[in-house]
Each structure stands twice: as C-alpha cells, then as structure tokens.
Amino acid sequence: MNIKEIKNKYLEKDGCMYGRRNIEDSLALLYHENSKFTSHSARVEGQKIMGFNNPFVNKRAYQPYKCYPGTKRVDLNDYKDTVPQKELVATLNQRRSVRNYNPTYKISLSEITTLLYQSYGVNNSQELYNVGREAHMGLRNVPSGGGLFPLEMYVVIQNSHIPSGLYHYRTDLNELECLKEGDFKDTLAGIIQAEPYVQIRDASMVMLVTGVVERSIIKYGDRGYRFMLQESGEVAQTVSLLGEALDLGSCILGGYLDDKVNEFLDVDGVFESINNIIVIGGKIKQEECHEKDS
Ligand SMILES: Cc1cc2nc3c(=O)[nH]c(=O)nc-3n(C[C@H](O)[C@H](O)[C@H](O)COP(=O)(O)O)c2cc1C
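Quantities reported herein were computed from a predicted structural model and do not represent experimental measurements. (Residues numbered from 1 in each chain as written. Predicted model: local features only at pLDDT ≥ 70, side-chain atom pairs only at ≥ 80, totals over all residues. Heavy atoms only, no water.)

Draft legend 1. Molecular detail of the side chain of E244. Looking at the element boundaries, E244 is found in helix α9 (residues 223-245). The exposure class assigned to E244 is buried, which follows from its relative accessible area of 5%. Not counting chain neighbours up to four residues away, the residues in contact with E244 comprise K86, T91, Q94, R95 and K283. (Helix = DSSP H or I, 4+ residues; strand = E, 2+ residues; numbered from the N terminus. Buried < 20%, exposed > 50% of the residue type's maximum accessible area, 1.4 Å probe, protein only. Contact = heavy atoms within 4.5 Å.)

In structure tokens:
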C-alpha cells in the first residue's frame, strides 16, 4: 500500500475524531502497511526465514554480545542471587511512573544487578539444533523474536558505590564495562527533554537501551523492526516492575534527542540507535516530603 492508497482508505472513516491531516504522509502508517503479513507475503518471507537456519549463519547470529575490550570492569555476579521477594500482582498494581527522586539515594550494586540481570542478562542457554555444541542461544527473562536479542544496555550511574559514569552491560558475563567516568547529569538533562517534569539530575541511574536493528532484520526483513521495538517495550516494562519490586521509582522517557544521545553513547545512530530511556532513583517517602515542607 502506498501513501495515496492509505489516504483513500481513510476517506472510508469519515467523521472520525482524528483529522485526516494526522495521517497524511505518515511514515508510520506506510511502514506498518508494508510490513504486514498476508498469506502470500508470509509464504515468501517464510522461505527467507527458513533460509536463515543454516549452521554458518546460526553460529554467528546467536552470539550477539557487543563488547568493549580493555575497559575497566565491574563484576556483578556476586549480587545476582539477591532478589526482591515482592509478589508479582502487587508489584504490577503498585507500579506507577515516578518523576521525583531522592537526591541522596545511592543505588546499590545489588539493585543495579537486579535491574540489569533480571531483565536482559543471559541466565540460560539453548543449543542450536543444527550447529551442535559449538554455539548456543543465550536466553534471558524477556522473550525475543527468533531469539536474536537485538538490544544493548547502557547505564549512566549518577549516585552509587561505583564511580559515576557511562557503563555498558555485558549481558553474557553479567559485568559492567566502564566507557567513561564522570558526572553526566548536565549532559543528560540537555539531551533528554524531561525537566521540569522528570527530575533526571536527582535520579541514581539512567538506563539507555539501544537497538542493533540488523540482528533482527537479517532474518525477518522490515518486520524485524517491529520485533525490535516490541522487545524494547518488554525490557522497559520488566525494568519498571523490577524497580517497583525493589521499592525504587522509575519513569520511561520518550522525549530525547536521538542523535545527541547516540553521540553521547558513541554509537552510529543508524545500525545501532537509542530506543528507550528509563530513569531510576530512590522514591521520596511521604515522611520525607513532610520533613521538607516543615
Ligand atoms: C514509550 C513511553 C514514553 C514515555 N515518555 C515519557 C516522557 O517523556 N516524560 C514523562 O514524564 N513520562 C513519560 N512516559 C510515562 C507516561 O507518561 C506514563 O506511563 C503514563 O502517564 C501512565 O502513568 P503510569 O506509568 O504512572 O501508570 C512514557 C511512557 C512510555 C511507555
């Protein structure tokens, strides 16, 4: 379907509260229409998808672990078994976006580990059926289209027991790789349009999730882009729930300047690009509010 056909289809919806202007030249609708499966395209794409399953490709595609050799590491493995015990439905019911954080709250290594390892850390593996023992698929707590895990996780530590700075999370090793040390509160406040509603500078940590789109589209074509975004949502929700289970506040942010953030992360912005930002910090308890007021 092209833009003209989408516009014509819209005419059938005469009287809708959404004005036609909203969808005119919409790249989103154009993309969505053209990445739909029909019984024909599903067969054609299905053949390509099956072609992906050969040992040469499998061996390489299922080790999606970006690494930064030579960087200082923080090993999180000692902390991975300390997990919150809060009940799932209570956690779901209590999760709300929190936009003000306790500026003195130091996030612990155990909390950082829970947020990273329990969302996107590799905690199991599955042998690939046609590759034998040489390669495996590293499984996580979130599902992934084709098990290709297209996301990368970065964190900016602002207040913790390790030096403040930008770190990359090694999902396969459960380690942080230090990319640059320093206080990046002002930088982040400048490239993420969140203040004054979200107090980014008071947060203990900011999680930046990128997508390496080739990992998905190599198998699924343009439809793989949908899968990558779906997975970003899964990770964001999982992190929010883990935050709630730890009694931390979090807020997912959509108003960032993409290429400024990509530059900050030193990723190319095309093949790897920012997908999601989650701010996390200590909650301000009611008593603390009253103390402040008095
Ligand atoms: C993709 C996405 C982007 C968001 N971007 C922002 C944002 O830029 N600023 C903000 O204050 N809240 C943002 N939010 C939070 C929503 O405003 C919030 O989830 C919604 O109002 C529902 O409230 P609740 O999360 O407390 O249930 C975002 C949420 C999502 C899922």
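Draft legend 2. Structural view of the state of the cysteines. Scanning all chains against the criterion turns up zero disulfides. Cysteine C67 remains unbridged, with the sulfur of C178 as its closest cysteine sulfur at 16 Å. Classification of C67 by relative accessible area gives partly exposed; the value is 40%. (Disulfide = S-S within 2.5 Å.)

Draft legend 3. A look at the pairing of strand β8 (residues 248-253). Among the six residues of β8, five are classified as buried, and the element is accordingly described as predominantly covered. Pairing analysis gives six bridges linking β8 to strand β9 (residues 272-282), with the strands arranged antiparallel. When the bridges of β9 are listed, S250 appears paired with I280. (Pairing = 2+ DSSP bridges.)

Draft legend 4. Summary view of the pairing of strand β6 (residues 175-181). Relative to β6, strand β1 (residues 73-75) runs antiparallel, the two being bridged by three bridges. By the bridge assignment for β6, R73 is matched with E177. Across six bridges, the pairing between strand β5 (residues 165-170) and β6 is antiparallel. Pairing of R170 across the sheet is with E175, part of β6. Where β5 folds back on β6, the antiparallel hairpin that results is connected by four residues, among which N174 adopts a positive phi of roughly 55 degrees.

Draft legend 5. Examining the packing of aromatic side chains more closely. Considering all chains together, one arrives at four aromatic pairs under this definition. Pairing Y31 with Y225 gives two aromatic rings, centres 5.7 Å apart and planes at 90 degrees, and the pair type is edge-to-face. Here Y31 is found in helix α2 (residues 27-34), whereas its partner Y225 is found in helix α9, with 194 residues between them in sequence. Residue classification places Y225 among the partly exposed positions, given a relative accessible area of 34%. Ring geometry for Y220 against F227: centres 4.9 Å apart, planes inclined by 75 degrees, an arrangement best described as edge-to-face. The exposure classification of Y220 matches that of F227, with both residues buried. The ring of F37 is capped by R223, whose NZ or CZ atom sits 4.0 Å from the centre of that ring. (Phe/Tyr/Trp six-rings, centres within 6.5 Å; stacked < 30°, edge-to-face > 60°. Lys NZ or Arg CZ within 6 Å of the ring centre and 35° of its normal.)

Draft legend 6. Just helix α6 (residues 109-120), in detail. Under the 1.5 Å per step criterion, the end-to-end length of α6 is 16 Å for 12 residues, consistent within 8% with the ideal 16 Å. Among the 12 residues of α6, 12 are classified as buried, and the element is accordingly described as predominantly covered. All buried positions along α6 are accounted for by L109, S110, E111, I112, T113, T114, L115, L116, Y117, Q118, S119 and Y120. (Expected span 1.5 Å × (residues − 1).)

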